[in-house]
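Chains, contacts and geometry: an overview
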Amino acid sequence: FPGKDNWFDVISYEKYEGGSHVRVAASLTKIPVYQRSGSIVFRKMRARRSTQMMISDPYTVIVALDAAGESVGSLYIDDESSFEYKTSKAYCDIKFS
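Heads up: these notes are all about the structure in this document.

**Side note on the side chain of Ser 37**
- Note that Ser 37 resides in the loop between β3 (34-36) and β4 (39-43).
- Once residues lying within four places of it in the same chain are set aside, the contact partners of Ser 37 are Asp 5, Asn 6, Phe 8, Ala 64, Leu 65 and Asp 66.

Structural data, given as structure tokens:
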């Protein structure tokens, strides 16, 4: 894992030390994905067959604190169906810390 920051498995939340080397199994049912400490990630957690079905799903906020107990992240939201974000700036980009 790069750097000095800790990393967390996004499914199990198991912590991995930055600067360490770990052999991780990868299967067709579990792809290894990690979140760096000090970050905030917004996810839609409900399993769906299409993104259209996810439009009204709630966001889950995953906060991984760094050594100082801080985190930063941003949430970008648009209508998920048009190009209005380009033509009329119809979107929200919210910063969190």
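Now, onward.
**Let's talk about the packing of aromatic side chains**
- One pass over the full model with this rule turns up 7 aromatic pairs.
- Residues Tyr 16 and Tyr 34 carry aromatic rings whose centres are separated by 5.5 Å and whose planes lie at 85 degrees to one another, so their mutual orientation is edge-to-face. Of this pair, Tyr 16 sits in strand β2 (residues 15-16) while Tyr 34 sits in strand β3; the two residues are 18 residues apart in sequence, bridging distant segments of the chain.
- Under the relative-accessibility criterion, Tyr 16 is labelled buried at 14%.
- Pairwise contacts between aromatic rings join Phe 1, Trp 7, Tyr 16 and Tyr 34 into one cluster.

**Side note on the pattern of salt bridges**
- For the structure shown, the criterion picks out 7 salt bridges.
- Taking the shortest distance from any N to any O, the salt bridge between Asp 5 and Arg 36 comes out at 3.6 Å. Taken together, the residues span a long stretch of sequence, with Asp 5 in the segment before β1 (7-9) and Arg 36 in strand β3 at a distance of 31 residues.
- Note that Asp 93 and Lys 95 form a salt bridge whose closest N and O atoms lie 3.2 Å from each other.
- Connected via shared salt-bridge partners are Arg 46, Arg 48 and Asp 57.

**Structural notes on unusual backbone geometry**
- Here Tyr 13, not a glycine, exhibits a phi torsion of approximately 65 degrees, which is positive.
- If you trace the backbone, Tyr 13 turns up in the loop between β1 and β2.
- Among the residues examined, Tyr 13 registers a relative accessible area of 44% and is labelled partly exposed.
- We note that Lys 89 has phi near 55 degrees; this positive angle belongs to a residue other than glycine.
- Relative to the helices and strands, Lys 89 is located in the loop between α1 (84-87) and β7 (92-96).

Conventions used here
Residues numbered from 1 in each chain as written. Predicted model: local features only at pLDDT ≥ 70, side-chain atom pairs only at ≥ 80, totals over all residues. Heavy atoms only, no water. Helix = DSSP H or I, 4+ residues; strand = E, 2+ residues; numbered from the N terminus. Contact = heavy atoms within 4.5 Å. Phe/Tyr/Trp six-rings, centres within 6.5 Å; stacked < 30°, edge-to-face > 60°. Buried < 20%, exposed > 50% of the residue type's maximum accessible area, 1.4 Å probe, protein only. Salt bridge = Lys/Arg side-chain N within 4 Å of Asp/Glu carboxyl O.

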